[in-house]
Amino acid sequence: MNIKTFSALRASAAPLALVVAGFAGSLAFVAPAMAQNVTSATLSGTVVDDAGNPVPDASVTVESSGTGFTRTTTTASNGTFSVVGLAVGTYEVTVSANGLSTTRTEGVAVSLGGNNYEFTVTNEAPSAGEIVVRGEPVRRVDFSGTATGQVYSVQKVAETLPVARNIEGIQLLTPQATSGDSAFGGVSLAGSSVAENIFYINGMNVTNFRTFVGGTTVPFEFYDQIQVKTGGYQAEFGRNTGGAVIALTRSGSNTFHGGFNVFYEPNSLRSDVPNTYQARNDQDYQQRIEGNIWASGPIIKDRLFFFGFFNPRYSTRGDTAQTQGINDDGSPDGVFINTQRVTQKSNTPFYGGKLDLNLFDGHRVEATYFNDSDSNNISLRNLDTGTVSQVNEFRGGENYIFKYTGSFTNWLTVSGLYGRSKFNQTDAGPQDNDPFIIDRRSGVRQDISGSPNALVASGADDRENFRIDVDLNFSLLGEHKVRFGWDYEKLFAASIGEYSGGSATIFQRAGADGARSGLIAPNTDYAVVQTYNAGGNFKSNNTAYYIQDDWDVTDRVNLSLGLRNDKFVNKTSLGTNFVSIDNQWAPRVGINFDPTGEKKARLSAFYGRYYLPVAANTNIRLGGAELFTIDYYTLPTGPGGVYTGSLTSPALGTKVDGVVLSDGTVSPPATLVSQNLKPQYMDEFIIGGEYRFDNKMRVGINVIHRKLGTALEDVDLDGDTNAYASIIGAFCETQTLAYCNATTEPTVNGGGYILMNPGRDAIFQVTDEDGNLQPITIPASFIGIPRAKRDYWAVELNWERPFDGTWGLNASYVWSRSFGNYEGGVKSDTSQDDTGITSDFDEPGYTDGATGFLPNHRAHTFKVFGSFKPTKRWLLGFNALLQSPRKFGCIGVYPIDDGRGADSSSASWYCNAQISAGVIDGTLNQPVGRGRAFQSDWNKRVDLTVAYTLPLESLPGGITFRADVFNVFNFKSALDFQELGDRSDAAVREWFYRQPIGYQTPRYVRLGVSANF
């Protein structure tokens, strides 16, 4: 290593710094997700001399020439140091120690995740003013955490890989990430449902707190880095039982930069997927074009910087839905009727920006703003009747994030954050005032009038987030890096929903046995009139505090000791506490061991507990003023019992029956919620290892076990006594209480449903015959519903060869097993995303046979992606996936008249119609079972990208033309199927069971042009 004076070397070192910085930046293309910080990055390292001995009391200065930011700290007795609260980017690190030459290392990449380096200072006596300038630093295995997952430099991914330009595309690169059900999308992380992840942007929680499915949508070019944690994360992270997705946006620097790109996905270069009984996919079209324009630079050099972004976008798609005709015997006749063309158009731009202010050395303020409002205009044309209906979906809103980070000494750093996020959830259209009317007499649904959504819904969500984090470094029986903090969320959700025109009228036809216990004559048309109106304003508060100690016990042993406490409060529309759960203690304990003593290898173990809050959807549905009635009417009929009146202006006859499911009042919380309620929680165990080779290649292995502890779901304890005996009624027959016996059965509010932990006692209040509230406890053994179960096992193997300017490759294999009776907040089997109140535990009979392979189970998943740059101008990239099938069961009507299940809907795992027809093997009145009937195809996909950069004198980076081809071989794997086997609902017949309803995305092409300056 040559030694020169710093002044003489600066000119020659500058180009070297650029090269090294570019190389170090490429390392962040993919990195392991180790270090823990939700709002910024940490640089840690060890200072050693030429002999490899640690150097204590060395001064370490971290500088950013791009922003003028400087921090100085001192190494501990074991030569280690840590600088927290850094913005991601590239830094220069200068190390000086008594009797040793000062060393300056250029291009030290600091990203989300692990940033652990070894810095060497030479033992040669220094000359006055001399500095040894080194190039690439030595990266070591990070020991500051135990998280599984990966970190992505989004702009590197965007430049080099063919991926969907959204956060789901980034997530799906990660081992243990699986696409969610076709009905609602999202990503399942580590076996959990898509409704259990948490999303952060610049430290602000932007998760959809109403359903927990997804979060705020931000364009690719607005992101800098994204970290996907699939498990093992420390006490700082909570409010989820799935994964954590942490995103940082781009920032400005002392140099002016800007750029633009345009991407076009033409319909003419998009292939078709096969038709299904529900859709004419060969008539579909889909087209998208978007542009991105950005600029950044200094407002005041070394002090104030800006980044501005504008994203005009336009997308249009057309889908053709259809219904298959039915023969007289009820079988499909091969004729498709009620064909409906659904056209969607969206052209709302995204815009936002970020300001960064260096108050003075070590103190920084950040302000982020973006608006992700979107309006999706939907037009539905019935190709058989020519009628057209419309609806507009409004989503998104304004977001503000303010953050301060201050380093007061080399051992104390404090950060504070305030954020606010608004999210509109309104659907509106010109038919909202028209009565909703459909005709199901033929067995095929015909829409007559009203809003295409049936329910007219408006909603608005508002989140305020406050948090404070403190970092302390000190020595006590080793070296400690302690982080503790407080986090508070104030949530508000407004929701109003009612049927289009105020009511819904459904024309039905009674069978040979009539309907409604003989009140409707056999083979006669009749009408069902439903009235629904619900809404209110709902508040929730989530509070947490935590402490985490990253303790270097010795040079080779690190302990990660954390503890988190959560409190969840959800209120009714009247402002009373619907759910209040506190003291949810979540330990997070990990150990890292260095078997080589060279920081090249790591063996680790982890245990952690995670809690999930109560989704706002739950108290909106149960804690609001809901009026829901169902009335049954005769109709004026002619020969054959056929209705003779108008469909658009129904002439109703006599009301013969009626059910009041909700009376329009807000029930007391004690009548809706079991008083021993616990939040959903999960325990996780991980054993892992990692080795980093001298050539920078890295390999890793993790063995993961996740076990669901409990879940929140609604259980029907009252039921429809016209169909079967209720649980409360059967229990009262065993009691001697004055208000609870065979002749004076009390009633259960909330439509008979209680929010409780399946498998635990139900402790709530009922209403006696005088209208008074009375306490009651129904033992879990009497209810007969098992506890929620979900066991996830996985073995993850990952391998990375970082991009070196010519090629890079990342590969992973995951064997996994997700088994139990509860998927999570959503129910993919029936495409239900009613978080917290799915049909899983509604009736005891529905749990028979419910234990099996869950919808997110995939036994084998192979992922390989990488890029190759054969020349300076050309780049090739690919992304490949091979994943084993999803397993399906058979869902049908509960067939046994024993009071354990309703026969009014298809929600059990019994399928007598399919067994009788020989479609599946089984015994009548025995459940077929979840995941035991058939499976999907293997999911296989290869995506390719090719890019060419044309050099231009006016643009230093030139202009780049690229083409991405997704699903190059146009595989047509059927991934989603109709799992409903037999049901009373005429909308879906049992003959469609096992038919495909969703295929993998077909081959399509994305063309792009971009330039940077």
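Residues numbered from 1 in each chain as written. Predicted model: local features only at pLDDT ≥ 70, side-chain atom pairs only at ≥ 80, totals over all residues. Heavy atoms only, no water.

Caption draft 1: The overall build of the protein chain, seen in detail. Helix and strand counts for the protein chain stand at 7 helices and 60 strands. Scaling as 2.2 N^0.38, a compact globule of 1013 residues should have a C-alpha radius of gyration of about 31 Å, and the protein chain matches this with 31 Å. Expressed along its principal axes, the backbone C-alpha trace of the protein chain runs to roughly 110 × 65 × 50 Å. Looking at the protein chain residue by residue over its 1013 residues, the buried ones come to 57%. A fraction of 71% describes how many contacts in the protein chain between residues 6 or more apart in sequence connect residues 24 or more apart. For the protein chain, the computed accessible surface area is about 38200 Å², with 55% contributed by carbon and sulfur atoms. Across the protein chain, the 83 positively charged side chains and the 104 negatively charged ones have centroids separated by 7 Å. (Helix = DSSP H or I, 4+ residues; strand = E, 2+ residues; numbered from the N terminus. Rg over C-alpha atoms; globule rule 2.2 N^0.38 Å. Buried < 20%, exposed > 50% of the residue type's maximum accessible area, 1.4 Å probe, protein only. Contact = heavy atoms within 4.5 Å. Areas by Shrake-Rupley, 256 points an atom, 1.4 Å probe, with all protein chains shown as cover. Lys, Arg positive; Asp, Glu negative; His and termini not counted. Charge placed at Lys NZ, Arg CZ, Asp CG, Glu CD.)

Caption draft 2: Focus on the side chain of aspartate 976. With respect to the helices and strands, aspartate 976 occurs in strand β58 (residues 974-977). Setting aside residues no more than four positions away along its own chain, aspartate 976 makes contact with Asp181, Ser182, Arg886, Phe888, Pro996, Ile997 and Gly998.

Caption draft 3: Examining the environment of arginine 467 more closely. Tracing the chain through its elements places arginine 467 in strand β32 (residues 455-475). On the basis of relative accessibility, which here comes to 2%, the residue arginine 467 falls in the buried class. At 2.9 Å, the side chain of arginine 467 forms a polar contact with the side chain of aspartate 469. (Polar contact = N/O pair within 3.5 Å; in protein donor to acceptor, adjacent residues only side chain to side chain.)

Caption draft 4: Spotlight on the side chain of asparagine 676. Note that asparagine 676 resides in the loop between β40 (655-663) and β41 (680-692). Looking at asparagine 676, its side chain comes within polar contact range of the side chain of serine 674, at 2.4 Å. With residues up to four places along the chain from it excluded, the contact list for asparagine 676 reads Asn757, Arg760, Asp761 and Ile763.

Caption draft 5: Quick peek at the state of the cysteines. Evaluation of the coordinates by the stated rule reveals 2 disulfides. Across a sulfur-sulfur distance of 2.1 Å, cysteine 890 and cysteine 911 are joined as a disulfide pair. For the disulfide bridge between cysteine 890 and cysteine 911, the dihedral angle about the S-S bond is near -105°, and by the sign convention the bridge is left-handed. Note that cysteine 890 is positioned in the loop between β52 (887-888) and β53 (892-893) and cysteine 911 in the loop between β54 (906-908) and α7 (912-916), a separation of 21 residues in sequence. Of the two residues, cysteine 890 and cysteine 911, both sit in the buried class. (Disulfide = S-S within 2.5 Å.)

Caption draft 6: Quick peek at the pattern of salt bridges. Evaluated as defined, the whole model comprises 53 salt bridges. With a shortest N-O distance of 2.9 Å, arginine 886 and aspartate 181 are connected by a salt bridge. Here arginine 886 is found in the loop between β51 (874-883) and β52, whereas its partner aspartate 181 is found in the loop between β13 (177-179) and β14 (187-189), with 705 residues between them in sequence. Neither arginine 886 nor aspartate 181 differs from the other in exposure class; each is buried. Glutamate 684 is paired through a salt bridge with arginine 706; the nearest N and O atoms lie 2.8 Å apart. You can see glutamate 684 sitting in strand β41 and its partner arginine 706 sitting in strand β42 (residues 698-710), a full 22 residues away along the chain. It is possible to trace a salt-bridge network through shared partners that takes in Glu236, Arg239, Arg463, Arg467, Asp469, Asp471, Arg483, Asp487 and Glu489. (Salt bridge = Lys/Arg side-chain N within 4 Å of Asp/Glu carboxyl O.)

Caption draft 7: View of the packing of aromatic side chains. Under the defined criterion, the tally for this structure stands at 37 aromatic pairs. Centre to centre, the rings of phenylalanine 222 and phenylalanine 370 are 5.9 Å apart; their planes meet at 65°, and the pair counts as edge-to-face. In this pair, phenylalanine 222 is assigned in the loop between β16 (204-205) and β17 (223-231) and phenylalanine 370 in strand β25 (residues 363-371), connecting sequence segments 148 residues apart. The residues phenylalanine 222 and phenylalanine 370 share a single accessibility class, namely buried. Both rings, one in tryptophan 486 and one in tyrosine 488, keep their centres 6.1 Å apart while their planes meet at 5°; by these two values the pair is stacked. Every member of this aromatic cluster is reached through a ring pair, and the members are Phe222, Phe307, Phe309, Phe350 and Phe370. Just above the ring of tyrosine 1004 sits the side chain of arginine 270; from NZ or CZ to the centre is 4.9 Å. The residue whose ring lies beneath arginine 364 is phenylalanine 69, and the NZ or CZ to ring-centre distance is 5.9 Å. (Phe/Tyr/Trp six-rings, centres within 6.5 Å; stacked < 30°, edge-to-face > 60°. Lys NZ or Arg CZ within 6 Å of the ring centre and 35° of its normal.)

Caption draft 8: Local environment of the pairing of strand β12 (residues 148-153). The element β12 is largely enclosed, with a buried count of 6 among its 6 residues. Residues Thr148, Gln150 and Tyr152 line one face of β12 and the alternating positions Gly149, Val151 and Ser153 line the opposite face, and both faces are buried.

Caption draft 9: Looking closely at the sheet that holds strand β11 (residues 138-139). Strand order in this open sheet of 4 strands is β6-β3-β9-β11, and the pairing throughout is mixed. Only two strands of the sheet have a single partner each, and these edge strands are β6 (80-86) and β11. (Pairing = 2+ DSSP bridges.)

Caption draft 10: Geometry of unusual backbone geometry. You will see that aspartate 302, though not glycine, has its phi angle at about 65°, which is positive. If you check the backbone angles, arginine 516 has positive phi at about 55° while not being a glycine. Its location among the elements puts arginine 516 in the loop between β34 (504-509) and β35 (525-552).

Caption draft 11: Main features of the confidence of the model for the protein chain. Considering every residue of the protein chain, the mean pLDDT works out to 88; 92% of them sit at 70 or more. Across the protein chain, the secondary-structure element scoring lowest on mean pLDDT is strand β1 (residues 4-5), at 33, and the one scoring highest is strand β49 (residues 852-853), at 98. (pLDDT = per-residue confidence, 0-100.)

Caption draft 12: Representation of the nonpolar core in the model. Leu43, Val47, Val62, Leu86, Val93, Val95 and Phe119 are the most contacted members of the largest nonpolar core, which has 41 residues in total. Dropping the residues within four chain positions of it, valine 93 is found in contact with Leu43, Val60, Thr61, Val62, Thr103, Arg104, Thr105, Val108 and Phe119. Counting residues in hydrophobic clusters, the runner-up holds 33 residues, among them Val206, Phe220, Tyr223 and Phe865. (Core = buried A, V, L, I, M, F, W, Y, C linked by side-chain atoms within 4.5 Å.)

Caption draft 13: A nonpolar patch on the surface, seen in detail. Together, Phe260, Val262, Tyr264, Leu269, Ile289, Ile293, Phe310, Tyr314, Tyr351 and Leu1007 make up a nonpolar patch on the protein surface, roughly 800 Å² of accessible area in all. The element that contributes the greatest number of residues to the nonpolar patch is strand β19 (residues 257-265), accounting for 3 residues. In this structure, isoleucine 289 sits in strand β20 (residues 285-300). Judged by relative accessible area, isoleucine 289 falls into the partly exposed class, the value being 36%. (Patch = residues over 30% accessible without salt bridge, like charges linked within 9 Å, V, L, I, M, F, W, Y side chains within 5 Å.)

Caption draft 14: Local environment of the environment of asparagine 592. Among the structural elements, asparagine 592 can be located in strand β37 (residues 577-593). Take asparagine 592: its relative accessible area is 0%, and that puts it in the buried class. Setting aside its immediate chain neighbours within four residues, asparagine 592 contacts Phe143, Gly145, Thr146, Arg556, Val557, Asn558, Arg602, Leu603 and Ser604. Within the structure, asparagine 592 has its side chain in polar contact with the side chain of arginine 602 (distance 3.3 Å).

Caption draft 15: Seen up close, the environment of valine 673. Relative to the assigned elements, valine 673 resides in the loop between β40 and β41. Residue class for valine 673 comes out buried when judged on its relative accessible area of 4%. What valine 673 contacts, discounting residues up to four positions off in sequence, is Phe578, Val579, Ile754, Leu755, Ile763 and Phe764.

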